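Each chain is listed here by its residues.
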Amino acid sequence: MKSVEFLEWMTSVYSSRIKFTEEVNYQTAPVFSKGSKNHVPQFTITMLWQSLLNCSKHQEEELDMDNFSERDPLQNLIEKISELLLGPPYMEASEIWFIYALCHTIKADKLSSQFNLNLTGSARDIATIQVFQHIQSAKTFLQTCSSKGDFHFPQRYIERQLESFGQRLQETDDQLRNGAKEDPDVFDNLDTQAYSSEDSSS
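Here the structure is a predicted model, which means the values were calculated and not measured.

**Considering the packing of aromatic side chains**
No. 1: Inspection of every chain in the model, using the stated rule, returns seven aromatic pairs.
No. 2: For the ring pair F98 and F153, a centre distance of 5.0 Å and an interplane angle of 40° mean the geometry is tilted. Note that F98 is positioned in helix α5 (residues 94–113) and F153 in the loop between α6 (121–148) and α7 (155–182), a separation of 55 residues in sequence. Here F98 and F153 have matching classes, each one buried.

**Here's the deal with helix α4 (residues 73–84)**
One full turn of an α-helix is made of 3.6 residues, so residues set three or four places apart face in the same direction.
No. 1: The terminal C-alpha atoms of α4, which comprises twelve residues, lie 17 Å apart, in line with the 16 Å expected from a rise of 1.5 Å per residue.
No. 2: Buried within α4 we find L74, L77, I78, I81 and L84. One face of α4 carries all of its buried residues, which in axial projection span an arc of 125°.
No. 3: The backbone nitrogen of L74 lies 3.1 Å from a side-chain oxygen of the residue at the head of α4, namely D72.

**Description of unusual backbone geometry**
No. 1: Looking along the chain, the bond that leaves P88 and enters P89 is cis, with omega of 0°.
No. 2: With respect to the secondary-structure elements, P89 resides in the loop between α4 and α5.

**A word on the pattern of salt bridges**
Close approach of charged atoms lets side chains of opposite charge pair.
No. 1: Inspection of every chain in the model, using the stated rule, returns five salt bridges.
No. 2: Put simply, D109 and R168 hold a salt bridge, and the shortest N to O gap is 3.0 Å. On the criterion of sequence distance, the pair formed by D109 in helix α5 and R168 in helix α7 is long-range, its members being 59 residues apart.
No. 3: Assessed through its relative accessible area of 26%, D109 is described here as partly exposed.

Calculation notes
Residues numbered from 1 in each chain as written. Predicted model: local features only at pLDDT ≥ 70, side-chain atom pairs only at ≥ 80, totals over all residues. Heavy atoms only, no water. Phe/Tyr/Trp six-rings, centres within 6.5 Å; stacked < 30°, edge-to-face > 60°. Helix = DSSP H or I, 4+ residues; strand = E, 2+ residues; numbered from the N terminus. Buried < 20%, exposed > 50% of the residue type's maximum accessible area, 1.4 Å probe, protein only. Expected span 1.5 Å × (residues − 1). Arc of directions from axis to C-beta. Polar contact = N/O pair within 3.5 Å; in protein donor to acceptor, adjacent residues only side chain to side chain. Salt bridge = Lys/Arg side-chain N within 4 Å of Asp/Glu carboxyl O.

Have a look at this one:
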């Protein structure tokens, strides 16, 4: 974690205001050490990758412990990258777009796998929309990364994973519909159980 904090500090201290000219024979390597107006510093890329790995590890620990915290480091990373992509040189860096797409892919996986089956009505619609929004965002940013042409990745494989997240929700809906056909009062029973548990606790 301290390594990420150090890289974040470097990203904030060393700005990308210097324009790098390829024709100039530099004595040092300003592009890779400090970045420039048209080159992203390598330590920023490393910081984003390490942050993504930490978010993935945090998600696995939550699943193992069955303890979901309110803070969401993955959402914080998504917001951080979205700010970086507002201007150069980050908006032209295909690798950052790829990391951004992976963030939304992991988010869609998390939300679809942890989907609350007890949700009904507008709450269920909102939760479903959130999943598909992250799926669509991931596809869009993968396409943006691909259009830059200088970063290669298994696009079709990732897209199949994204499709499986949507199918996961569809299967959940089908199971609920089948259950409702067998027991028309299935949703009423869920509500009754919830009220009963509240009454017993009081």
